[in-house]
Amino acid sequence: IIALIPGHIFWKNRDLIFLGCNNQLADYLGYSHPHEIIGKTDYDICLSPGEADLIRQRDLYVLDSGEAVENEQEFTFGSDKHYFVTSRAPIRSPIGEI
């Protein structure tokens, strides 16, 4: 299902390091395969430092609060502006740990 969803899907660990993504996000970021994002951070994927800081702040909110955030508007800071509607949700273990 993740491979077929037209949106950008990714997941990170608690240190905000990418553990995976779908083909659509890999392609958008200029990677030929999703496995190329594994081990990278927002700072590694050609985002401006300010943009990476904002994304990390929003990710940390979800990790710290345990609450999902839906339909949050985001945009890229570069000259080629893109607007996104983003949803974030914590992934929990069978015992409820994030």
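The rules behind each value
Residues numbered from 1 in each chain as written. Predicted model: local features only at pLDDT ≥ 70, side-chain atom pairs only at ≥ 80, totals over all residues. Heavy atoms only, no water. Pairing = 2+ DSSP bridges. Helix = DSSP H or I, 4+ residues; strand = E, 2+ residues; numbered from the N terminus. Core = buried A, V, L, I, M, F, W, Y, C linked by side-chain atoms within 4.5 Å. Buried < 20%, exposed > 50% of the residue type's maximum accessible area, 1.4 Å probe, protein only. Contact = heavy atoms within 4.5 Å. Phe/Tyr/Trp six-rings, centres within 6.5 Å; stacked < 30°, edge-to-face > 60°. Expected span 1.5 Å × (residues − 1). Arc of directions from axis to C-beta.

Caption draft 1: Expanded view of the pairing of strand β2 (residues 18–21). With three bridges joining them, strand β1 (residues 10–12) and β2 adopt antiparallel strand pairing. Each residue of the ladder has a partner; that of K12, found in β2, is F18. Where β1 folds back on β2, the antiparallel hairpin that results is connected by five residues, among which L16 adopts a positive phi of roughly 65°.

Caption draft 2: Representation of the nonpolar core. Ranked by size, the top nonpolar core spans seven residues in total: F18, C21, L25, A26, Y31, I37 and I45. Breaking this core down by element, the ones donating at least two residues are β2 and α1 (23–28). Setting aside its immediate chain neighbours within four residues, L25 contacts H8, I9, F10 and I37.

Caption draft 3: Looking closely at the packing of aromatic side chains. Enumeration according to the criterion identifies one aromatic pair in this entry. Relative to F18, the ring of F10 has its centre 5.6 Å away and its plane inclined at 65°; by these criteria the two rings are edge-to-face. What makes F10 partly exposed here is its relative accessible area of 32%.

Caption draft 4: Here's a closer look at the side chain of T41. Its place among the elements puts T41 in the loop between α1 and α2 (49–65). Other than its neighbours up to four places away in sequence, T41 contacts L16, I17, F18 and R56.

Caption draft 5: Inspection of α2 at higher detail. If you check α2, its first and last C-alpha atoms are 24 Å apart, about what 17 residues at 1.5 Å a residue would give, namely 24 Å. Of all the positions in α2, only E51, A52, I55, R56, D59, V62 and L63 are classed as buried. Each buried residue of α2 lies within a common arc of 125° when the element is viewed along its axis, so the set occupies one face. Residues P49, Q57 and D64 are exposed on α2 and point more than 90 degrees away from its buried face. Downstream of α2 by one or two residues, G66 has phi in the positive range, about 75°.

Caption draft 6: Region of interest: the environment of I45. With respect to the helices and strands, I45 occurs in the loop between α1 and α2. The buried category is assigned to I45, whose relative accessible area is 7%. If sequence neighbours within four positions are ignored, I45 has contacts with F18, L29, Y31, I37 and K40.

Caption draft 7: Focus on the environment of L63. Within the secondary structure, L63 sits in helix α2. Each residue touching L63, except ones within four places of it in the same chain, is listed here: N13, R14, L16 and I98.

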